[in-house]
Amino acid sequence: MTAPRTPKIPYGGDYNPEQWTEEVWDEDHRLFTEAGIDTLTVGVFTWSLTQPGPDTYDFTVLDRILARAAAEGRRVCLATGTAAVPPWLAKRHPEVNRTDFEGRRHRYGQRHNFCPSSPAYREHATRLADRLAGRYARHPALLAWHINNEYGGACYCDLCAEAFRAWLRRRHGTLDALNDAWWTTFWSHRYTDWDQIEPPNALTEHWRGPDHTAFQGITLDYHRFTTDALLGCFRAEKDAIRRHDPATPVTTNLMGPYRPLDYHRWAPHLDFVSWDNYPPLDAPPTRAALGHDLMRGLKDGAPFWLMEQTPSTTACRDVNPLRRPGDLRLATFQAIAHGADATLYFQLRASRGACEKYHGAVIGHAGRADTRVFREVAALGEELGRLGATTLGARTPARTALVFDWDSWWALETSDGPSRLVRYLDVVHAYYRAAREAGADVDVVPHTADLGHYDVVMAPALYMVKGDLAHRLEAVAARGGTVLATFLSGRVDEHDRAFRTDVPGPLAPLMGVRVDEWDARPEEFTQSVPELETEARLVFEIVRLTGAEAVATYGADFYAGTPAVTRNRPGDGAGEAWYVATALDQRGVDRIVRRVLSRHGLLGPYADHRGVETATRIAADGTPLLFLLNHAPAPTSLPVAFTAADLLTGRRLERGEPLTLDPYGVAVLHAAQ
Amino acid sequence: MTAPRTPKIPYGGDYNPEQWTEEVWDEDHRLFTEAGIDTLTVGVFTWSLTQPGPDTYDFTVLDRILARAAAEGRRVCLATGTAAVPPWLAKRHPEVNRTDFEGRRHRYGQRHNFCPSSPAYREHATRLADRLAGRYARHPALLAWHINNEYGGACYCDLCAEAFRAWLRRRHGTLDALNDAWWTTFWSHRYTDWDQIEPPNALTEHWRGPDHTAFQGITLDYHRFTTDALLGCFRAEKDAIRRHDPATPVTTNLMGPYRPLDYHRWAPHLDFVSWDNYPPLDAPPTRAALGHDLMRGLKDGAPFWLMEQTPSTTACRDVNPLRRPGDLRLATFQAIAHGADATLYFQLRASRGACEKYHGAVIGHAGRADTRVFREVAALGEELGRLGATTLGARTPARTALVFDWDSWWALETSDGPSRLVRYLDVVHAYYRAAREAGADVDVVPHTADLGHYDVVMAPALYMVKGDLAHRLEAVAARGGTVLATFLSGRVDEHDRAFRTDVPGPLAPLMGVRVDEWDARPEEFTQSVPELETEARLVFEIVRLTGAEAVATYGADFYAGTPAVTRNRPGDGAGEAWYVATALDQRGVDRIVRRVLSRHGLLGPYADHRGVETATRIAADGTPLLFLLNHAPAPTSLPVAFTAADLLTGRRLERGEPLTLDPYGVAVLHAAQ
Amino acid sequence: MTAPRTPKIPYGGDYNPEQWTEEVWDEDHRLFTEAGIDTLTVGVFTWSLTQPGPDTYDFTVLDRILARAAAEGRRVCLATGTAAVPPWLAKRHPEVNRTDFEGRRHRYGQRHNFCPSSPAYREHATRLADRLAGRYARHPALLAWHINNEYGGACYCDLCAEAFRAWLRRRHGTLDALNDAWWTTFWSHRYTDWDQIEPPNALTEHWRGPDHTAFQGITLDYHRFTTDALLGCFRAEKDAIRRHDPATPVTTNLMGPYRPLDYHRWAPHLDFVSWDNYPPLDAPPTRAALGHDLMRGLKDGAPFWLMEQTPSTTACRDVNPLRRPGDLRLATFQAIAHGADATLYFQLRASRGACEKYHGAVIGHAGRADTRVFREVAALGEELGRLGATTLGARTPARTALVFDWDSWWALETSDGPSRLVRYLDVVHAYYRAAREAGADVDVVPHTADLGHYDVVMAPALYMVKGDLAHRLEAVAARGGTVLATFLSGRVDEHDRAFRTDVPGPLAPLMGVRVDEWDARPEEFTQSVPELETEARLVFEIVRLTGAEAVATYGADFYAGTPAVTRNRPGDGAGEAWYVATALDQRGVDRIVRRVLSRHGLLGPYADHRGVETATRIAADGTPLLFLLNHAPAPTSLPVAFTAADLLTGRRLERGEPLTLDPYGVAVLHAAQ
């Protein structure tokens, strides 16, 4: 099953009319029409409204909301509303509340407040989903099901402990296998009964927080268990829906590169992927792009929905800057360029109370249409209307892949040594950014992905190497492709046990290097890498060549002159394997990645235009759509790469003709027939 | 009822002879006489001494302490001693111990350790107050009652939960009203039973500490509840005292701008205000002055007592600098200048053990009179003796008011968005400081104050606008006065719900502006405001003029040229309304405030003498007393503004004659008859 | 009883073959032989292996490990393995798990996880020690007993509360005495029943963590109690061993200057001292040396074992740098120079899993002998073999003592005021460093030490002065010696009560100074001390001379010109007493200490050779062994001080001949006969 079929990009967002009287709804729909809004995400936090008590359901308001949407010709993404439990449930079943990392059972409050292992929660949530599906499965406004909301967090209660033990039995089979996997003989941890196993938290294996654990293997399995436990909640609700509605696509809104949940385990269970894009402050545009490409990679390149973004500002951060004029449009087209087939907002109308009242909204507290934000939203709505179905279902023709692995993320960042300062996402992003800024489309894929159609495969900080990945990477090189790995790759097996071979473990033969030792230094320390005219920091692996050649070397210290970057040409020499033994500055990463890409002709036509992002999607009819996105606050001019029509202006552009992009401007070039 | 009547400014402080043998008392009283000390605060932490068990009272030591004081001719401010419970009470009634923000029931320790909702605490504390009043009501040494000590903190136990629910019933009446006030439909929080409501803390609505809450409305009500719960303890003790002693004034020592308690709710219940002045390190002198003026404003301008200040150094801070020579005298006269009718120390003799042993004391561990600190204390005692009754009961003739509002403080600092970096007290202080340094006397008043006699009313960061305040501010302008409001004013109603009108809500008509959006940036980012030759930071509201005119504009960014400061002349134009849309640097605030003050002739004669503070009190006989305080480490010379006598030297000064103030020097000018 | 008698310096370290199959053991022993490793620390974390259930013991693996060691001719330091409890014990007796400072009972995890007051732990641990001793007391491989591992931490459970109360009864006798000692009248803490006393933690007397306490006296006693409680565990195991084995020396591995435990209380119960040396990152070499000298001082100068050091890198730190080439050898000889009679590693083979898998090891994951680290270890093994027994049992002939006092450490760092920024170890280290870099051998001794044979006694930051120490220091001066004390010396008695005399309390007569007040300032503030061409910071005591003369003065502020450093010549003037009233920079400390040392001819011959450390040991036959350690990364040349043989090269060196030390080079000069 795929995303809902729509005649154009669905446009709208989270809508909470239950907070308001119906006179306000009139104003809302008038403004929605004015803004080209056709899609409403409804019901996300309505549990306490639709089920005011254990045996009482009341769908009156929801009925009206959907009826009104239908009457206005709008479609609804209907949420099951199970992300925030109602007060009575928490009071009646205290075990529904989570027990936090500190071991404290919470009482009622906030949201995302349910224990995933609690039978009471599971039963009530599933029953609610069942009721909703029974009632609305055939509703004319229904476009998609939205289960729960931003699943996340973890629970450490006794119910979770029980569920964890059951999960471990399934995973490891025997205690001997578990003891071996977790290497429990270390620090006298040999378990003799499953009941002796406790969730890893501040009262058991952890100190100084979630990343400091005595047993990485236990913590790693708890991350996997938590992923599966929450997924179990999702699946139970989906099953309930499917009993009534076999056809409407079901999703939940993910959060891009969100560390707590391994979305690769979730992907098969989602009919389509949707996610909420709130990039960190001051992040370069590639940070959001990485999120898009990671999400697109979840289901093998299928388009996804942008379920949430803010029209203007966030509220939850210490400092919440305003989107500059044009920035919203740019970010929206960036999402589309990377595979979004819907672009929605949180939120359509600002709440009057509680913690998100200052979160940006299409309609502010005063209900005005003459604000800058509303005008930008409406203009964009008009533009998307004109775009119609052109981009829907289009695929990305990437020849570069980046292997992204939650297990490596968890294991690397909970490792004691060599350095707590290495952040998985930073390393991954540096390589992703280098490729993207050089103009390459990139698929961000799981370690199990078919690598057969890529010229370049990057595996930055692939700390854990599982299954036959090493062989599949060797195959990439064997057929002439290029594989790139870095420091802290190939360190551990699936249980976080060090390989009993030379570093980088199973990647060592391909890379043609051997690492016996590694230096680590504080953030402020830099090591020069003269051949790249750049610097490196954090971790410096000392490399011996066992087949590879040095491409760049360390410039100082007792390992001066030894390799910092190497290239191997395994077998007959057609393919290449690059190893980057240290955390190069972006400039150094750029140089390496551009060398790799250019070998395969993958540098984009605008690789030297700083600030201009390009991305290609192949429309359903096979026509390439080239997105040009100017992230700079100044206009820029580019020669058109092929004769094309700009889908946004309708203007025809001849090959070589200069195309001027406004500040934060966008063009979508469609090859002229 | 007012403060105790005394023939001169009471001078002395906290005295704990129960820690010592009576030989030490002899030394104490000899030194008190030498230092001009006439007032002793006694009994503050004596509960475990006076009541060693549930049914045992032992007033032997207290009897002796008071008898000795009386014999020496000293008066006593007698504490009920209920701020630190005795060990046996905590053991016998564990529920007396507080449950902290993290949800942990404490065991015995520290002080301020009682649950305000615990019947056992209330009963025992009230009984103790009753016993003390019964015993000492007619004691010749008794000057005032000092209930408890520095009330503060909060408790989150089940008893408090119960009491909170009862308080909410009284406040909101129905659950529907409460659900509406708290906007509970957001995040599925609709309560269907009062018992579902939990105190807002780390186990319920909060994350990342006390300022991060999912529901500002709940947290806000808990601040109000806590204020009332502790006030209930105070009132119960006061009632017990009044049963025996109808006449002696009763107080408790407040803490100036102390966020946890809304002292405006306390003020009616205090016979007179007293407070402990420990300004932050490196704060400008206006910071202490703001505390004094806020305290004076609690009871409509009535003089207050300075109950505690350190003679030399604090102990509780990471770094505890020493008061420079002269600084103690200067701070003491600053208190008097702002309305203090008593100046007392913590502490008269240093404790040998526990955490305050290094807190500055009049008498140190070695019991010496020949220390610098003792000599300064004694010289000041002599000076206050000479001053006699002149200043007692004098009032401040301010024509400038600053609206101070605990609700706004709480709501602003728990708000998600636009910026966690805005601190209420910093904004308030900036405007207060500007007015004070320009020579204006300022009344710091509650939002309910009668504004009828002020020329200038400032309402900086008045985030919450309640009742008819907007109309009363409009009336100020209507009669020709000036009103000043700032960014983050007029945002929410009494329940912390955003107004459904343009920002700044009810103040918008008066201000003649409309704000649709606002930018927020990190601390280090500055925005220029060219007309004021200054900079702004943190929050930048984007203002549309709806009647006002721009006084100053933003110098950069996409909102360059739009108004940063505006002035409106509503109605017939006699009055003015100023709106400052961003956090101007002090220099910018100074310029705005001086323009406002000068329009009303409120700039002081020494407005351009940096470092010299002036303050006026009108003595009981109507004579103005002009205090001149030189906060600079260098001498300064001023022309005398009117022919006067300096009360401290007795010297006559002709109008226009130069008056030299020593470094940290003080003069008190009394208009010559 | 002393350390084990061995024919050479034992060399080896922690070895965990139970984690591996026996094929790996073959590889291990082959590599041990190659590296000159003769000593294996075995069994440190084997409890869950040797006792898989309450009534089941299984020594099969341990038998094989010891048999193999014996067969290979290696000796074993056999651990009782009680530092990490097995899972079944934690499950069966939850009270065995610690309750942390936050008052939370832990569940199973990590290590060092046992409550020292738990009878179940005590009984099981002692029984295990008994079984082990019964089985291996006469094993040919047995060289020493290693009880537990790195004792540390604290527990705050109800069992500990009970034990604390019993300990307090023994210490204080009566509640009156306790109330007086703790000064409980302050803050109404008078206890009327022992049961009212609670352990001082976050739920009782503390706020902002372990160093912020309302009652220093309570916290201090809890540190002492914890020291004794853990010592009780050690003693119980030792007693069990002694029942089977009267002769084999028993130790536990200490941790140098480890704040939580007062090792002076432990010293009498250890047959010999051993410790684990992991100096802080970027610490100067004197920091490790201070650890060595402190450990040597525990048993009156007896040699100790270096039980652990890393061959290459730590893992537990945020950043784990690599030992530079030569650094391991240098650190090892530094240990020997300061009194180590064994040098061992953690760890011989790297663990595959859990949190220490990246901790440096002699044998890495790939099991190679051709790594840099293995080669350095092996070369050092060869060198130690050649050294033979020469250094074993040699003593240090220091004429300078430094008084080190855990009570002062605890009391100073939990003090409220004057400054939280003063760290005891930093002050102590500054004086120690100055003496060591000037070439003086230093004994680091307890306050009870016999001071009769020292020329110079330094007591930096000796905050607490107990017993007759002041008189014994006076005696040092009386016989012509020099005593040096500093700011924050002589402040409190053994209960942390301020002395009722002038500061520095009992040291005041000797120092000839009186301190009434003290300033404290933030880290970044500096005060000049012109006579020493240096600066001071943090705390500035204002000194009046009562016999002493000023040596240096403050250069600024209101106390400019008053003494910062003083010298007194009490009595007939033969001896001297120096008082340093502020935290001088190292340069200033160096100047003062060198003046003191030179008066007694204690400046070393290479005092001006920066980077060269010297240390002397007197061999059993009376011959001095002079260690020369070049801590610089460059070679250096020194004139030989006496005709000697270099024990490492065998080369004869004539007096005055230049000796070149390599970068990180070492020489051990043995006076030529």
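Residues numbered from 1 in each chain as written. Chains lettered and ligands numbered in written order. Predicted model: local features only at pLDDT ≥ 70, side-chain atom pairs only at ≥ 80, totals over all residues. Heavy atoms only, no water.

As annotated in an unreviewed UniProt entry, chain A carries the name Beta-galactosidase and comes from Streptomyces broussonetiae. Per UniProt, chain A has the following entry under Catalytic activity (unreviewed entry): "Hydrolysis of terminal non-reducing beta-D-galactose residues in beta-D-galactosides." According to UniProt, the comment filed for chain A under the heading Sequence similarities (unreviewed entry) is "Belongs to the glycosyl hydrolase 42 family." (UniProt positions renumbered as here; feature names shortened; annotations may be inferred.)

Asker: So what exactly am I meant to see when it comes to the UniProt feature "domain: Beta-galactosidase C-terminal" (unreviewed entry) in chain A here?
Answerer: Feature annotation in UniProt places "domain: Beta-galactosidase C-terminal" (unreviewed entry) on residues 611-669 of chain A, given in this structure's numbering. As a span, residues 611-669 of chain A carries 0% helix and 53% strand, and end to end its C-alpha atoms are 18 Å apart. (Helix = DSSP H or I, 4+ residues; strand = E, 2+ residues; numbered from the N terminus.)

Asker: Quick question: what am I supposed to make of the nonpolar core here?
Answerer: Inside soluble globular proteins, nonpolar side chains tend to come together where they are buried. All names here are of chain A. In terms of nonpolar packing, the biggest core is built from 212 residues, with Phe 333, Phe 404 and Val 565 touching the most fellow members. Here the element with the most residues in this core is helix H14 (residues 424-437); it accounts for 9 residues. Mapping this core onto the domain boundaries places at least three of its residues in each of domain 1 (400-599) and domain 2 (612-671). Setting aside anything within four residues of it in sequence, one finds Phe 404 in contact with Pro 257, His 264, Leu 294, Trp 409, Tyr 424, Leu 425, Val 428, Val 444, Val 445, Pro 446 and His 447. (Core = buried A, V, L, I, M, F, W, Y, C linked by side-chain atoms within 4.5 Å. Buried < 20%, exposed > 50% of the residue type's maximum accessible area, 1.4 Å probe, protein only. Domains from an automatic or database assignment. Contact = heavy atoms within 4.5 Å.)

Asker: How should the packing of helix H11 (residues 327-337) of chain C against helix H12 (residues 372-387) of chain C be read in this particular structure?
Answerer: Two measures define how a pair of helices packs: the angle their axes make with one another and the distance between the axes. All names here are of chain C. Taken N-terminus to C-terminus, the directions of H11 and H12 make an angle of 30°; their axes are 10 Å apart at the nearest point. Remark: the crossing between H11 and H12 carries right-handed chirality. Here Leu 328, Arg 329, Thr 332, Phe 333 and Ile 336 of H11 lie close against H12, whose contacting residues are Glu 376, Val 377, Leu 380, Glu 383, Leu 384 and Leu 387. Looking at the contact of H11 with H12 residue by residue, the classes come out as 7 nonpolar, 1 polar and 3 charged. (Axes fitted to C-alpha atoms, helices over the stretch in contact; angles between N-to-C directions. Left-handed = near helix turned anticlockwise from the far one by under 90°. Nonpolar A, V, L, I, M, F, W, Y, C, P; charged D, E, K, R; others polar.)

Asker: Looking at this structure, I do not really get the packing of aromatic side chains. What am I missing?
Answerer: Describing an aromatic ring pair means giving the distance of the ring centres and the angle of the ring planes. Scanning the entire structure with this criterion turns up 114 aromatic pairs over all chains. For the ring pair Phe 404 of chain B and Trp 406 of chain B, a centre distance of 5.0 Å and an interplane angle of 70° mean the geometry is edge-to-face. Take Phe 404 of chain B and Trp 406 of chain B: they sit in the same class, and that class is buried. Seen in terms of ring centroids, Phe 558 of chain B and Tyr 559 of chain B are 5.1 Å apart; in terms of plane orientation they differ by 80°. Their pairing is edge-to-face. Judged by relative accessible area, which is 1%, Tyr 559 of chain B ranks as buried. One aromatic cluster is present, built from ring pairs that chain together Phe 101, Tyr 156, Phe 164, Trp 167, Trp 182, Tyr 191, Tyr 222 and Phe 225 of chain A together with Tyr 108 of chain C. Residue placement shows Arg 98 of chain B over the ring face of Phe 114 of chain B; its charged tip is 5.0 Å from the ring centre. (Phe/Tyr/Trp six-rings, centres within 6.5 Å; stacked < 30°, edge-to-face > 60°. Lys NZ or Arg CZ within 6 Å of the ring centre and 35° of its normal.)

Asker: Mind showing me how you'd approach the sheet that holds strand S7 (residues 274-276) of chain A here?
Answerer: Strands pair in a sheet through their backbones, by hydrogen bonds, and they do so in one of two ways: parallel or antiparallel. All names here are of chain A. In spatial order, the strands read S5-S4-S3-S2-S1-S9-S8-S7-S6; together these 9 strands make up an open sheet with parallel pairing. Edge positions in the sheet fall to strand S5 (250-251) and strand S6 (253-254), since each has one partner strand and no second. As paired elements, strand S2 (residues 39-42) and strand S3 (residues 75-79) share 4 bridges and run parallel to each other. Note that in S3 the partner of Thr 39 across the bridge is Arg 75. The sheet strands contacting helix H5 (residues 119-136) are S3 and strand S4 (142-146), and the helix crosses S4 at an angle near 175°. The strands touched by helix H10 (residues 285-298) are S6, S7 and strand S8 (304-308); relative to S7, the strand with the most contacts, the crossing angle is about 160°. (Pairing = 2+ DSSP bridges.)

Asker: Explain the side chain of Gln 196 of chain A here, please?
Answerer: Take Gln 196 of chain A: it is sitting in the loop between helix H7 (175-182) and helix H8 (216-244). Within the local environment of Gln 196 of chain A, its side chain forms a polar contact with the backbone nitrogen of Thr 192 of chain A, the two atoms lying 2.7 Å apart. (Polar contact = N/O pair within 3.5 Å; in protein donor to acceptor, adjacent residues only side chain to side chain.)

Asker: Sorry, what's going on with the pairing of strand S9 (residues 340-345) of chain C here?
Answerer: A regular strand places its side chains on the two faces of the sheet in alternate fashion. All names here are of chain C. Among the 6 residues of S9, 6 are classified as buried, and the element is accordingly described as predominantly covered. Pairing analysis gives 3 bridges linking strand S1 (residues 11-15) to S9, with the strands arranged parallel. Bridge pairing links Tyr 11 to Thr 343 in S9. Note on the crossover from strand S8 (residues 304-308) through H11 to S9: the handedness is right-handed. (Right-handed = clockwise from strand over helix to strand, strands pointing away.)

Asker: In this structure, what is going on with the relation of the copies chain B and chain C? I would like to understand it.
Answerer: For the pair of chain copies, the relating operation is a rotation around an axis with a shift along it. Least-squares fitting of chain B to chain C yields an RMSD of 0.0 Å, with the superposition described by an axial translation of 0.0 Å and a rotation of 120°. As the rotation angle and translation indicate, the two copies are arranged about a three-fold axis. Relative to the rotation axis, the C-alpha of Arg 104 of chain B is the closest in chain B, positioned 5.5 Å from it. (Least-squares fit on C-alpha atoms with pLDDT ≥ 70 in both.)

Asker: So what exactly am I meant to see when it comes to helix H6 (residues 158-172) of chain A here?
Answerer: Note on helix geometry: an α-helix contains 3.6 residues per turn, so any two residues three or four positions apart are oriented the same way. Taking 1.5 Å of rise per residue, the 15 residues of H6 of chain A would be expected to cover 21 Å, and the 21 Å separating its terminal C-alpha atoms lies within 8% of that figure. Where H6 of chain A is buried, its residues meet H7, H8 and helix H9 (263-266) of chain A together with helix H4 (87-92) of chain C. Following H6 of chain A by one or two positions, Gly 173 of chain A adopts a phi angle in the positive range, close to 80°. (Expected span 1.5 Å × (residues − 1).)

Asker: Would you take a moment to explain the sheet that holds strand S21 (residues 612-618) of chain A for this structure?
Answerer: All names here are of chain A. Across the sheet, which stays open at both edges, the 5 strands sit in the order S21-S22-S27-S24-S25 with antiparallel pairing between neighbours. In this open sheet, the two edge strands, each paired with only one partner strand, are S21 and strand S25 (652-653). Note: strand S24 (residues 644-646) against strand S27 (residues 666-671), 3 bridges, orientation antiparallel. Note on S27: the bridge partner recorded for Ala 645 is His 670.

Asker: Looking at this structure, how should I read the pairing of strand S22 (residues 624-630) of chain B?
Answerer: All names here are of chain B. Of all 7 residues making up S22, 6 are buried, and the element is well covered by its neighbours. Direction of pairing for strand S21 (residues 612-618) relative to S22: antiparallel, over a ladder of 7 bridges. Bridge assignment links Val 612 to a residue of S22, and that residue is Asn 630. Turn length for the S21-S22 hairpin, with the two strands adjacent in sequence and antiparallel, is 5 residues, and the turn residue Gly 622 shows positive phi of about 95°.

Asker: Whenever I open this one, a negative patch on the surface confuses me. Can you help?
Answerer: Residues Asp 282 of chain A together with Asp 426, Glu 523 and Glu 524 of chain B make up a contiguous surface patch of negative charge. Inspection of the secondary structure assignment puts Asp 426 of chain B in helix H14 (residues 424-437). (Patch = residues over 30% accessible without salt bridge, like charges linked within 9 Å, V, L, I, M, F, W, Y side chains within 5 Å. Areas by Shrake-Rupley, 256 points an atom, 1.4 Å probe, with all protein chains shown as cover. Salt bridge = Lys/Arg side-chain N within 4 Å of Asp/Glu carboxyl O. Lys, Arg positive; Asp, Glu negative; His and termini not counted. Charge placed at Lys NZ, Arg CZ, Asp CG, Glu CD.)

Asker: What is the right way to read the interface of chain B and chain A from this model?
Answerer: Many authors give the size of an interface as the accessible area that is lost as the parts come together. The partner chain A presents 52 residues to the 58 residues of chain B that form the contact. Summed over both sides, the interface between chain B and chain A buries roughly 4,900 Å², with carbon and sulfur atoms accounting for 52% of that surface. Inspection of the chain B/chain A interface yields 12 salt bridges. Close ionic contact of Asp 370 of chain A with Arg 514 of chain B constitutes a salt bridge, the shortest N to O distance being 2.7 Å. Our count for the contact surface shared by chain B and chain A stands at 34 residue pairs in polar contact (both at pLDDT 80 or more). (Buried area = accessible area lost by both parts, 1.4 Å probe.)

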